[in-house]
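# Analysis of the macromolecular model
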Amino acid sequence: MSDIHLDIKQVDKIYGTANSAVHAVKGLSMAVRRGEITSLLGASGCGKTSTLRMIAGFETVSKGTIKLGGKVLNDLRPVKRNVAMAFEGYSLYPPLTIRDNIAFALKASKLSAKDISDKVHTMADMLEITDILDKHPSSVSGGQQQRASLGRALIRDADLHLLDEPMGQLEPQLRALLRGRIKHYIKENGITAILVTHDQAEANALSDRIAVMEGGYLQQFESPQRLKDQPANLFTGTFVGEPPMNTFSASVDKESDKVRFDLDHGVSLSFDVTDFSADVIEAALALKSVVIGVRPYAIKRDDDGMKATVVANHWLGDQSHIAATLAGQSVILVEHDRAPDKAGDDIFIKLDPDNIHVFNRETGYAVSHGAEIVG
Amino acid sequence: MEHQSKLETVLRGIALLLVVVFFMFPIFWIFLMSLQTNETILRVPPSINFEPTLSNYRALITGKLETSAASLEINFLQNLWNSVFLSVASVSLALLLGVPAAYAFARHKFKGSEDIAFTLLSFRFAPPLLVLLPLSLYFQKMGLADTYLGLIWVYQLICLPLILWIVRGYFEDISPDIEYAYRVAGHSWFSTFRKIALPLAGPGIAAAGLLAFIFAWNNFIFALVLASADKQPVTVGALAFITASGIQYGQIAAAIVMSIAPTLALALYAQKYLVEGLSLGAVKG
Ligand SMILES: Nc1ncnc2c1ncn2[C@@H]1O[C@H](COP(=O)(O)OP(=O)(O)O)[C@@H](O)[C@H]1O
Ligand SMILES: [Mg+2]
């Protein structure tokens, strides 16, 4: 692709010395297009911040190359990279007011004082920090410092914006409000941004594509929708989505026109062979042992279905989360009506073949999504 | 703060008073001595009933010491000037060398950096006499004996480790991300050091400088061995008051008062800095 802006190839980050090494990022490759918003999504310690710091130039790249706009960054000093960054720990300059902290980022630009002041005000309005502009960082809350730090990064005219958990300290309402504004601002200004977050809702709402990371490895890099519909492996399947995907270990068998998944405790799921494409069945049979995954909202009640016993039922105000036991394993259902079931009740459920994901039990890689084999 | 009972407050007050008396009484007594003649000082029993006189101070400033036996020349003002010059120059040089070094040690961990830093600190552990003999021989050879330059050099043994270690701690307390934030906005590491790191560590640098100044000022042994009378600081110069016709207690006391005055003034002035440094607690990222 010609519009690749940031190109990360086979990058490793190893901290420390040979005898006490931390391998934080492993063989990371990803290509980000100009104007794209990308999220790095993953649990704490999975290497998100390390990745950003290598791009910004605060950490050396142990292996591989990072290119921005066609130029190799690896040995370029931070000052030469033209990258803006909002830090996880805010990192405002204590002696300066919030206003000066934000305006400071524009000092290197050739803007007039009036233009700088206007820009700072627009930014402060957007981030709801106009009333604290003349205070010092130490006398405002963490959430306010965080927004100031985000403003200091966003206001710059850089080739790439790196935002490390920029809204982690904000209350949910404000976060939801700012999400929309920030996305609008980024798109309007043609900014290419990489956002680090462990909040799925934030990643879904803001990003064009999400890079799911775990243990230093990139698990999958896809649009939010495809990430949900076509998880590349068991990790992304269970990590993405709230509540998480239900999974069952199963062995696969075929009898005339039926394909059967045998779970524990003598429970079987039986489908018509026509529910799946022929190569899905072939691949599953070849594996014998698979993991099947189904999202909570794709489990439907059916009087002819399998019996499950309710463990708990919570009404969240707009949906019911029902936890039940099926084949000795716990399974979660999401329903949009208020379900009447109580703990101990039996319910009968059915899994829709269109919503079944089959994974290789050994490797964790996806075999099929619904009727379709993974290419 | 916890609520204190009345008894506790009183006991605490008494304890504080005892400490203050213990530390301040000698200084107070010396101040009184500096206003008396040798005769009234040596009275038995001592009394605080005396006619105050400024003769001791006059002798120091004019440089004429009248004893019962003879009149001799002393060079107290020259000594005082030497003290000021040696301390200021030593601390300045130590700051110039030590602050960038402290920054490097705080920010760049490389193989052996801890060892180097510790070696520098270990200069403080060695008894001065250990290095003095070889040093005085070297200094004779190199023509550094009895020069300001030589003394300032040796004073680095006192000042440099102190500044290095204190300032390093202050730099380490500044989140590197604050500096990164500045660098990523298009500034070189040197301007980051100057515009961000130095001002943020300012109170710490001031404190370290003050401490180093006091240590340098109070040093006795280096100057005693390595310099002659006209280069010696007050600490050594005070020896001149032990004369053939007895010890000139009054003038020694006046000399002490005059020689602690600058450090005392400096400490009082810098106190403000130190408090500021502590209340600027938001430095950490
Ligand atoms: N400066 C460092 N020295 C040694 N290990 C580090 C350093 N920074 C991060 N790590 C380690 O690297 C791993 C990834 O950290 P990080 O990139 O900060 O993760 P995340 O931002 O995803 O939470 C963690 O195990 C962390 O402890
Ligand atoms: Mg992080």
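Because the structure is predicted, anything quoted here is derived from the model rather than measured. (Residues numbered from 1 in each chain as written. Chains lettered and ligands numbered in written order. Predicted model: local features only at pLDDT ≥ 70, side-chain atom pairs only at ≥ 80, totals over all residues. Heavy atoms only, no water.)

### Section: the overall build of chain B
Worth spelling out the cut-off: In this description a helix means any DSSP run of H or I spanning at least four residues, a strand means any run of E spanning at least two, and both kinds are numbered starting from the N terminus. Each radius of gyration is computed over the set of C-alpha atoms, and the globule rule expresses the reference value as 2.2 Å times the number of residues to the power 0.38. Note on exposure labels: buried denotes an accessible area under 20% of the residue type's maximum, exposed denotes more than 50%, and partly exposed covers the range between, all computed with a 1.4 Å probe on protein chains only. The contact rule is simple, with two residues in contact once any of their heavy atoms fall within 4.5 Å. Surface accessibility in these figures is a Shrake-Rupley result with a 1.4 Å probe; residues are shielded only by whichever protein chains are displayed. His is not counted here, nor are the chain ends, while Lys and Arg score as positive and Asp and Glu score as negative. We put the charge of a Lys on NZ, of an Arg on CZ, of an Asp on CG and of a Glu on CD.
Tallying secondary structure elements over chain B gives 12 helices and 4 strands in all. Taken over C-alpha atoms, the radius of gyration comes to 24 Å for chain B, far larger than the 19 Å a tight globule of 285 residues would show. Across the 285 residues of chain B, 40% fall into the buried class. Relative to all contacts within chain B whose residues are 6 or more apart in sequence, the contacts with residues 24 or more apart total 74%. Here chain B displays about 16,000 Å² of accessible surface, and carbon together with sulfur accounts for 71% of that area. Looking at chain B, you have 17 positive and 15 negative side-chain charges, and the mean spots of the two groups are 6 Å apart.

### Topic: the side chain of A:H161
Residues and elements named next belong to chain A. Structurally, H161 is set in strand β7 (residues 160–164). A relative accessible area of 1% places H161 in the buried class. Not counting residues within four places of it along the chain, the set of residues in contact with H161 comprises A84, A153, L154, R156, I191, T192, A193 and I194.

### Points about the domain arrangement of chain B
Residue and element names in this part refer to chain B. Using the following cut-off: Each domain's limits were defined by an automated method or a database of domain assignments. Note on terms: buried area is the combined drop in 1.4 Å-probe accessible area of two parts once they are placed together, counting the loss on both.
Segmentation of chain B into domains returns domain 1 (2–73) and domain 2 (76–279). Computed from C-alpha atoms alone, the centre-to-centre distance between domain 1 and domain 2 is 29 Å. Facing the 18 residues of domain 1 at the interface are 17 residues of domain 2. A combined buried area of about 1,500 Å² lies between domain 1 and domain 2, and 76% of that area is made up of carbon and sulfur atoms. When the area that domain 1 buries against domain 2 is broken down by residue, the three leading residues are N38, L60 and L65, summing to 37%.

### A short note on the packing of helix α4 (residues 142–154) of chain A against helix α5 (residues 172–188) of chain A
Residue and element names in this part refer to chain A. Worth spelling out the cut-off: An axis is simply a line fitted to the C-alpha atoms; with a helix, the fit covers only the stretch in contact. Between two such axes, the angle follows the N-to-C directions and lies from 0 to 180 degrees. Note on angle classes: values under 35 degrees are labelled roughly parallel, values over 145 roughly antiparallel, values of 65 to 115 roughly perpendicular, and the remainder oblique. Ten residue types, Ala, Val, Leu, Ile, Met, Phe, Trp, Tyr, Cys and Pro, are classed as nonpolar, four, Asp, Glu, Lys and Arg, as charged, and the remainder, Gly among them, as polar.
Put simply, α4 and α5 touch, their axes get as near as 13 Å, and they point 5° apart. Taken together, the axis directions place α4 and α5 in an arrangement best described as roughly parallel. Taken together, the residues of α5 that come into contact with α4 (itself represented by R147, L150 and L154) are L174, L178, I182, Y185 and I186. Classifying every residue of the contact of α4 with α5 gives 7 nonpolar, no polar and 1 charged.

### Points about the site of ligand 1
Residue and element names in this part refer to chain A. This is how the line gets drawn: By convention in these notes, a residue is near a molecule or strand provided one of its non-hydrogen atoms lies within 4 Å of it. Each polar contact in these results corresponds to two N or O atoms within 3.5 Å; when the atoms are within protein, one needs to be able to donate a hydrogen and the other to accept it, and residues that are neighboring in sequence are counted only if both atoms are side-chain atoms.
By nearness alone, every residue bordering ligand 1 is listed as Y15, V22, A24, A43, S44, G45, C46, G47, K48, T49 and S50. In this structure, an oxygen atom belonging to ligand 1 sits 2.6 Å away from a main-chain N or O atom of G45. Side-chain polar atom of T49 to an oxygen atom of ligand 1: 2.6 Å apart, as the coordinates give it. Compared with its free state, where it exposes 560 Å², ligand 1 has 62% of that area covered by protein. Where the shell around ligand 1 is concerned, the elements lending two or more residues are β2 (22–33) and α1 (48–56).

### What about the side chain of A:H5?
Turning to its location among the elements, A:H5 is positioned in strand β1 (residues 4–15). In terms of polar contacts, A:H5 uses its side chain to reach the side chain of A:R34, at 3.4 Å.

### Quick word on the nonpolar core
Inclusion rule: To form a nonpolar core, buried Ala, Val, Leu, Ile, Met, Phe, Trp, Tyr and Cys residues must be joined to one another through side-chain atoms within 4.5 Å.
Of all hydrophobic cores here, the largest spans 93 residues; its most connected members are A:L6, A:I55, A:I66, A:L162, A:I194, B:F76 and B:F171. Both domains that meet at this core, namely domain 1 (2–73) and domain 2 (76–279) of chain B, each give it at least three residues. Setting aside chain neighbours within four positions, we find A:I66 in contact with A:L6, A:D7, A:I8, A:V11, A:M54, A:I55, A:V61, A:K71, A:V72, A:L73 and A:N74. By size, the runner-up hydrophobic cluster in this structure holds 36 residues, among which are A:A86, A:V120, A:L170 and A:L206.

### Description of the interface of chain B and chain A
Here is the rule: What makes a salt bridge here is a side-chain nitrogen of Lys or Arg within 4 Å of a carboxyl oxygen of Asp or Glu, nothing more.
With 17 residues of chain B at the interface, the matching set in chain A holds 18 residues. Between chain B and chain A the total buried area reaches about 1,600 Å² when both faces are included, carbon and sulfur atoms providing 68% of it. Along the contact surface separating chain B from chain A lie 1 salt bridge. In this structure, the salt-bridge partner of B:D177 is A:R53, at a minimum N-O distance of 2.9 Å. For the pair chain B and chain A, the number of links is 3 residue pairs in polar contact (both at pLDDT 80 or more). Elements with a minimum of two residues in the side of chain B that touches chain A: α8 (176–184) and α9 (189–218) of chain B.

### Quick notes on the packing of aromatic side chains
Centre-to-centre distance and the angle between the planes together describe a pair of aromatic rings. Note the cut-off: The rule is short: rings of Phe, Tyr and Trp, with Trp giving its six-membered ring, pair when the centres are within 6.5 Å, and they are stacked under 30 degrees, edge-to-face over 60, tilted in between.
For the structure on display, the rule yields 22 aromatic pairs over all chains. Residues A:F261 and A:F276 carry aromatic rings whose centres are separated by 6.3 Å and whose planes lie at 70° to one another, so their mutual orientation is edge-to-face. Highlighted residues: A:F261 in strand β12 (residues 258–262) and A:F276 in the loop between β13 (268–272) and α9 (278–287), separated in sequence by 15 residues. Accessibility classification places A:F261 together with A:F276 in one group, the buried group. Considering the side-chain rings of B:F190 and B:F193, the 6.4 Å spacing of their centres and the 40° angle between planes classify their relative orientation as tilted. Of the two residues, B:F190 and B:F193 are both situated in helix α9; the distance of 3 residues between them amounts to about one turn of the helix.

### Description of the pattern of salt bridges
Residues and elements named next belong to chain A. All told, the structure shown has 26 salt bridges over all chains when counted by the stated rule. Across the pair E36 and R33 runs a salt bridge, and its minimum N-O distance is 3.3 Å. In this structure R33 comes out as partly exposed when scored by relative accessible area, which is 26%. Of the charged contacts, one joins D262 and R260 as a salt bridge, the two residues approaching to 2.9 Å between their closest N and O atoms. Residue D262 is classed as buried on the basis of its relative accessible area, which comes to 19%. One connected set of salt bridges, linked through shared partners, spans D253, E255, R260 and D262.

### Quick notes on a nonpolar patch on the surface
Residues and elements named next belong to chain B. Short version of the rule: Here a patch means residues that are over 30% exposed by relative accessible area and free of salt bridges, tied together within 9 Å if like-charged and within 5 Å if nonpolar (Val, Leu, Ile, Met, Phe, Trp, Tyr).
Taken together, V19, V20, F22, F23, M24, I27, I256 and I260 make up a surface patch of nonpolar side chains, about 750 Å² in accessible area. Breaking the nonpolar patch down by element, the ones donating at least two residues are α1 (6–34) and α12 (249–279). It is α1 that provides the largest number of residues to the nonpolar patch, a total of 6 residues. Looking at the secondary structure, you find I260 in helix α12.

### Some points on the sheet that holds strand β17 (residues 329–335) of chain A
All names here are of chain A. Where we set the bar: At least two bridges found by DSSP between two strands are what make those strands a pair.
Reading across from one edge, β17-β16-β15-β18 is the order of the 4 strands in this open sheet, with antiparallel pairing throughout. Of all strands in the sheet, those with a lone pairing partner are β17 and β18 (346–351), marking the two edges. Taken pair by pair, the neighbouring strands of this sheet meet at an average axis angle of 50°, ignoring direction. Summarising the sheet, strand β15 (residues 299–315) and β18 pair through 7 bridges and their orientation is antiparallel.

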